[in-house]
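Spelled out, the chains give:
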Amino acid sequence: MRITAPASGGASGTPLVRLANIDKHFGGTYALRNVSLALKAGEIHAVVGENGAGKSTLIKIMVGAYARSAGELFWKGLPLRVSGPRDMLALGIYAVNQEMLLCPHLTVAENLFLGCEAGRYGLLRARDMERQAQAILDDLGFSIDSRNLLFDLSIGQRQLVAIARAAIYQSELVIFDEPTAYLSRSEADLLFTLIRRFRKEGRAIVYISHRMEEIFELADRVSVLRDGQLLSTRPIQETTPNALIAEMAARPIGDIHHKESVAIGETLLEIEGLSGPGFDNISMTVKGGEIVGLFGLVGSGRSEFVRSVFGRTSASAGTIRRGGKSVRIRRESDAIEAGMALIPESRRYEGLCLQLDVGSNISLANLPALSRFGVIDTVEEQRRARQWMSRLKVAANSEAMTVGRLSGGNQQKVVIAKWLEHGADIFIFDEPTVGVDVAAKAEIYKTIAQLLQKGAGVIIISSYLPEVYDLADSLHVFREGRQVAQFAHKQVGHDVILAKAIGA
Amino acid sequence: MSQVVTASGLGDRISSLRVSLRKLTLFLLLAILWLALTMATETFWGASNITNLFRQTALMSILAIGQTLVIITAGIDLSVGAMVGLSSVLVSLMMKAGMPIPAAVLLTLSFGFLVGLYHGIAIRRFGIPPFIITLASLSILTGLGLLITDGATISGLPKEFTGFARGAFLGVPNLFWVVVLVGIPIYVLLRHTRWGRYIFAVGSSPEAARLSGVNVDRTFYLVYALSSTLAALVGVLTASRISIGLATTGMGWELQSIAASVIGGASLFGAVGGVIGSLLGAMSLTTIANGANLLNVNPYIQQMVTGFLIVFIVYFDQSRRRSQ
């Protein structure tokens, strides 16, 4: 099954992997543009960049999950023609993913050997694999029993198992994508020892992390990505954490959207000292015509906070006031009753009933008002649906069209129409523009502007800083479940905000 | 952009045309089947056989309607056959004990309702999958029926009771009137009330429904309670039709009701299905059974034909949906 790697490219100076002028675009949107990068054996190469800068795309191209749109990939100096994930794995490129692609119901040994099981006559040699797996785990210094179900391990231990697979594959290039996100300090130390050992064994390592202290502890060189472009590659000694953050964040102003000024109205929502699972002591107010931005890296607690405000989880302390009056929100229907609307990140699964038509989706939250004795006034329902569709410019043949057949931007508008139909005046957007193209993005921003003009208050959660930076009237920065800073519109630069979120 | 929203709703008409196209296909299939059977046998189009066909269809139709409600929520109810058997036993025992007929029937239906509620609560509160909880009930209800009757049949039911299923009103069998009495309200429920809309919404995306303020739990309770209650009703009607209570009388009917529902266009992935489709599905199954009987076809072959029909119809439907 192992395909032979091209013969070593001679001189020891030849990089193990070289990316030359790599482009990757999805439709008209560039995820990577003209990226060139050389990875040397025996070197730890850190890659930094904001969310959406193109790091994940870069990894996916290196492991063969994406085909590059243009450019060349060289392996030991020779151009690479193979491209599928299996080929890349066989060649010696392995990525430890953020979402660990392991099977929780199999044992550690079974997971380690998944896809490359040792067998004889088609029967598995389970004992041999267990023994080998244990030998590898022991050798790496991981105290994990190879016979345990993955299910029974901690998240950190599972991550270590995923890392141990690199040893099984004897990979020459090992890519780590935020490997310490779920690790305890001691597990992280174990990982760092292992990474240094990999370097000593002559493997090349790509290390992606938001944590500056880790990068400066481990890396030999560091590259900065921004908006799909590789800005610089330099030895780690020649830079500082602050310089890196400034480079990640620097961007011509006015990239996204100039918010039209809307008169800020009365206070709609006041949250005071709210605590709950994953967030602690959060306070903020939302006024009519105002956008409140919540920025933080993945796992910073901003999504958990918003879920609690909307009644998904119950808060353990704090108060929520609506128009001056204290409200208790124990479930979603309480929040909806209070005039709040949540437009979730995965609108395809959480925001819409895809098999139902546009009209039914728009009316879904407002059916009690549209029906008498439970019987829906369908004529009125369809009339109102059409009204919202034309106001928000939903591109659909009619209100009877199945929502699943609309484009992402139009689906987003249907979700918004549902809440307008219900009469909500506080709109919570969770990552509103994830996975939509540029044109749809512009449409969504325009729709948000319309909401503000109607006097609604808007909360936007985003891990894409330029978005909240340009849109938000007030910006709250989250880190590790706490509200670490609050800024007025463009009060400070991107770099300051990013530094707060990263904690550098 | 203004051209994109057409008030005339051309797409509306096209999509409703598509829905009826599928029913039309099934209806045509049924018509062809009837025509063929009329020509092939002397007895098929006889008054007594047609009446009989409608009686047979009636019971399966009511079960299929209940099953369809559950299937629209992407669930399944495997307990309905067992519920038929047990409720035929319960209603018979109560009448034999001297209870007035209406009281016995009402109590039996209430029992069905409670079992359905229990299914809903077990699914939503205890997190037991629909397949498992209703499979368990299939076993429990059958066992309970056999236990209290010791496996025997209960006969000697009141004449007024057994007369109902054989009777007719305005020349139409009473059993068929029951289908009308069940079918119309449930049709209205599904298509014209908000609770019906919630059933579809929950079947499409429970998460989106919940975030829209829909009480997902209550929607589940409703469909499972209705399914079980309708199964209990079928049990009562069966007892009336065959004049006995028998714990094993509905064995395998759960699978037939699922088949009828699916043939009628319900999707096991949820959010698709309806009353008319269920009726057509039940009618197709009964016609095949009836025709095979008249033609003296081996009943084993008849079972196989039903199976192939399911594969054919669902495959046909899937490929049509994919091409859209």
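Residues numbered from 1 in each chain as written. Chains lettered and ligands numbered in written order. Predicted model: local features only at pLDDT ≥ 70, side-chain atom pairs only at ≥ 80, totals over all residues. Heavy atoms only, no water.

Undergrad: Sorry, what's going on with the overall build of chain B here?
TA: Looking only at helices and strands, one finds 13 helices and two strands in chain B. Relative to the compact-globule value of 20 Å for 324 residues, chain B shows a C-alpha radius of gyration of 20 Å, a close match. Across its three principal axes, chain B shows a C-alpha extent of roughly 75 × 55 × 35 Å. In chain B, buried positions account for 52% of the 324 residues. Split by element, the accessible area of chain B, about 14,700 Å² in all, is 70% carbon and sulfur. Taking the average location of the 19 positive side-chain charges in chain B and that of its 9 negative ones, the two points are 7 Å from each other. (Helix = DSSP H or I, 4+ residues; strand = E, 2+ residues; numbered from the N terminus. Rg over C-alpha atoms; globule rule 2.2 N^0.38 Å. Buried < 20%, exposed > 50% of the residue type's maximum accessible area, 1.4 Å probe, protein only. Areas by Shrake-Rupley, 256 points an atom, 1.4 Å probe, with all protein chains shown as cover. Lys, Arg positive; Asp, Glu negative; His and termini not counted. Charge placed at Lys NZ, Arg CZ, Asp CG, Glu CD.)

Undergrad: Whenever I open this one, the overall build of chain A confuses me. Can you help?
TA: Within chain A, the secondary structure is distributed over 18 helices and 24 strands. For 504 residues, the compact-globule formula gives about 23 Å, and the C-alpha radius of gyration of chain A, at 25 Å, lands near that figure. Projected onto its principal axes, the C-alpha coordinates of chain A cover approximately 75 × 55 × 45 Å. In chain A, which comprises 504 residues, the proportion classed as buried is 52%. Long-range contacts, defined here as pairs at least 24 residues apart, represent 67% of the contacts in chain A between residues at least 6 apart. Carbon together with sulfur atoms contributes 49% to the accessible area of chain A, which is approximately 21,400 Å² in total. (Contact = heavy atoms within 4.5 Å.)

Undergrad: I would appreciate a short explanation of the nonpolar core in the present structure.
TA: In a soluble, globular protein the nonpolar side chains are often hidden away together inside. Counting residues in each nonpolar core, the largest one holds 128 residues, and the members touching the most others are Phe 176, Phe 305, Met 340, Trp 419 and Phe 427 of chain A. In this view, Phe 427 of chain A contacts Ala 341, Ile 343, Ile 416, Trp 419, Leu 420, Leu 451, Ala 456, Gly 457, Val 458 and Ile 459 of chain A; residues no more than four positions away in its chain are not counted. Counting 82 residues, the second largest nonpolar core, distinct from the first, contains Leu 356 of chain A together with Ala 82, Val 182 and Leu 189 of chain B. (Core = buried A, V, L, I, M, F, W, Y, C linked by side-chain atoms within 4.5 Å.)

Undergrad: Looking at this structure, I do not really get the packing of helix α3 (residues 80–96) of chain B against helix α4 (residues 101–124) of chain B. What am I missing?
TA: For any two helices packed against each other, the geometry comes down to the angle between their axes and how far apart the axes lie. All names here are of chain B. One can describe the packing of α3 onto α4 by two numbers: an axis separation of 9 Å at closest approach and a directional angle of 150°. Helix-helix and strand crossings are classified by hand; for α3 and α4 the assignment is right-handed. Taken together, the residues of α4 that come into contact with α3 (itself represented by Met 83, Leu 86, Ser 87, Leu 90, Val 91, Met 94 and Met 95) are Ile 101, Ala 104, Val 105, Leu 107, Thr 108, Phe 111, Gly 112 and Val 115. Class assignment of the residues belonging to the contact of α3 with α4 gives a composition of twelve nonpolar, three polar and no charged. (Axes fitted to C-alpha atoms, helices over the stretch in contact; angles between N-to-C directions. Left-handed = near helix turned anticlockwise from the far one by under 90°. Nonpolar A, V, L, I, M, F, W, Y, C, P; charged D, E, K, R; others polar.)

Undergrad: How should helix α6 (residues 159–166) of chain B be read in this particular structure?
TA: Each α-helix winds once per 3.6 residues, and so residues spaced three or four apart point in a common direction. Residues and elements named next belong to chain B. If you check which residues of α6 are buried, you get Phe 161, Thr 162 and Ala 165. Viewed end-on, α6 has its buried residues packed into an arc of 90°, placing them on one side of the element. The outward face of α6, more than 90 degrees from its buried face, is lined by the exposed residues Lys 159 and Glu 160. The elements touched by buried residues of α6 are α2 (47–72), α3, α4, α7 (174–192) and α10 (216–242). (Arc of directions from axis to C-beta.)

Undergrad: What exactly am I supposed to notice about the interface of chain A and chain B here?
TA: Many descriptions give the size of an interface as the accessible area lost when the pieces come together. In this complex, chain A contributes 43 residues to the contact, which on the side of chain B involves 31 residues. Taken over both partners, the interface formed by chain A and chain B buries close to 2,800 Å², and the fraction arising from carbon and sulfur atoms is 58%. Linking chain A to chain B there are three salt bridges. As a salt-bridge pair, Glu 207 of chain B and Arg 312 of chain A come within 3.1 Å of each other at their nearest N and O atoms. Residue classes in the side of chain A that touches chain B are distributed as 22 nonpolar, eleven polar and ten charged. (Buried area = accessible area lost by both parts, 1.4 Å probe. Salt bridge = Lys/Arg side-chain N within 4 Å of Asp/Glu carboxyl O.)

Undergrad: Looking at this structure, how should I read the domain arrangement of chain A?
TA: Residues and elements named next belong to chain A. Examined at the domain level, chain A breaks down into domain 1 (41–65 + 84–249), domain 2 (267–339 + 425–502) and domain 3 (358–420). Of note, the centres of domain 2 and domain 3, computed from C-alpha atoms alone, are 26 Å apart. Facing the 13 residues of domain 2 at the interface are ten residues of domain 3. Both sides together, the interface formed by domain 2 and domain 3 hides about 940 Å², and carbon and sulfur atoms give 76% of it. The largest contributions to the domain 2 side of the interface with domain 3 come from Phe 427, Thr 447 and Lys 454, which together make up 37% of the buried area. The interface formed by domain 2 and domain 3 contains zero salt bridges. Connecting domain 2 to domain 3 are one residue pair in polar contact (both at pLDDT 80 or more). Tallying contributions element by element places helix α16 (residues 438–453) first for the side of domain 2 that touches domain 3, with six residues. (Domains from an automatic or database assignment. Polar contact = N/O pair within 3.5 Å; in protein donor to acceptor, adjacent residues only side chain to side chain.)

Undergrad: How do you make sense of the sheet that holds strand β6 (residues 93–96) of chain A when you look at a structure like this?
TA: Each strand in a sheet pairs with another by means of backbone hydrogen bonds, the pair being arranged parallel or else antiparallel. Residues and elements named next belong to chain A. If you trace the six strands from one edge of the open sheet to the other, you get β6-β9-β10-β3-β11-β12, paired in mixed fashion. Each having just a single partner strand, β6 and β12 (229–235) make up the two edges of the open sheet. For this sheet, the mean inter-axis angle between neighbouring strands, taken without regard to orientation, is 20°. Both strand β9 (residues 173–177) and strand β10 (residues 204–208) contribute to a ladder of five bridges, which runs parallel. Considered in β10, the bridge of Phe 176 is made with Tyr 207. Here helix α8 (residues 241–249) sits on the sheet in contact with β3 (43–48), β11 (221–226) and β12, set at roughly 25° to β11. (Pairing = 2+ DSSP bridges.)

Undergrad: What exactly am I supposed to notice about the environment of Thr 447 of chain A here?
TA: Following the sequence through the fold, Thr 447 of chain A ends up in helix α16. Discounting residues that sit within four places of it in the chain, Thr 447 of chain A has contacts with Leu 392, Lys 413 and Ile 416 of chain A.

Undergrad: Explanation requested: the packing of aromatic side chains in the structure shown.
TA: Here a ring pair, both rings aromatic, is described through the centre-centre distance and the interplanar angle of the planes. Residue and element names in this part refer to chain A. Taken as a whole and assessed by the stated rule, the structure comprises ten aromatic pairs over all chains. With 6.4 Å between their ring centres and 85° between their planes, Phe 310 and Trp 419 make a pair best called edge-to-face. A residue pair is termed long-range when its members are at least 10 positions apart, and Phe 310 in the loop between α9 (302–309) and β16 (317–322) and Trp 419 in helix α15 (residues 408–422) qualify at 109 residues. Pair check on accessibility: Phe 310 and Trp 419 agree, each one buried. Cluster of aromatic residues (ring-pair linked, three or more members): Phe 279, Phe 305 and Phe 478. (Phe/Tyr/Trp six-rings, centres within 6.5 Å; stacked < 30°, edge-to-face > 60°.)

Undergrad: Could you clarify how one ought to interpret the sheet that holds strand β14 (residues 279–287) of chain A in this entry?
TA: Residue and element names in this part refer to chain A. The antiparallel open sheet is built from four strands, whose spatial order is β14-β13-β16-β17. Only two strands of the sheet have a single neighbouring strand rather than two, namely β14 and β17 (325–327). Geometrically, the sheet is characterised by an average inter-axis angle of 20° between neighbouring strands, direction not taken into account. Here three bridges tie β16 to β17, and the two strands are oriented antiparallel to one another. Pairing of Ile 320 across the sheet is with Val 327, part of β17.

Undergrad: Could you clarify how one ought to interpret unusual backbone geometry in this entry?
TA: Excluding glycine, residues mostly have negative phi values, and the peptide bonds linking residues are mostly trans. Even without being a glycine, Asn 21 of chain A presents a positive backbone phi close to 50°. Structurally, the position occupied by Asn 21 of chain A is in strand β1 (residues 17–26).

Undergrad: Help me understand the pattern of salt bridges in this model?
TA: Oppositely charged side chains may form a pair once their charged atoms are brought near each other. A complete count under the given rule lists 27 salt bridges over all chains for this structure. The shortest N-O distance in the salt bridge between Asp 128 of chain A and Arg 131 of chain A comes to 3.5 Å. One end of the pair, Asp 128 of chain A, and the other, Arg 131 of chain A, are both in helix α4 (residues 126–140), three residues apart, so they sit about a helical turn from each other. On the basis of relative accessible area, Arg 131 of chain A is assigned to the exposed category, the value being 55%. When the shortest N-O distance is used, the salt bridge between Asp 217 of chain B and Arg 125 of chain B registers 3.9 Å. With Asp 217 of chain B in helix α10 and Arg 125 of chain B in the loop between α4 and α5 (130–149), this residue pair connects regions lying 92 residues apart in the sequence. According to the relative accessible area criterion, Arg 125 of chain B is exposed, its value standing at 55%. One continuous salt-bridge network, built from bridges that share partners, spans Asp 139, Arg 197, Glu 201 and Arg 203 of chain A.

Undergrad: Would you explain the pairing of strand β21 (residues 426–430) of chain A in this entry?
TA: Every other side chain in a regular strand lies on the same face of the sheet, so the side chains alternate between the two faces. Residues and elements named next belong to chain A. Within β21, five of the five residues are buried, leaving the element largely enclosed by the surrounding structure. Alternating positions in β21 separate into two faces, Ile 426, Ile 428 and Asp 430 on one and Phe 427 and Phe 429 on the other, with burial throughout. Here four bridges tie strand β18 (residues 340–343) to β21, and the two strands are oriented parallel to one another. Within the sheet, the bridge partner assigned to Met 340 lies in β21 and is Ile 426. Two strands pair when backbone bridges link them, and β21 and strand β22 (residues 457–462) are joined in this way by five bridges, in the parallel orientation.

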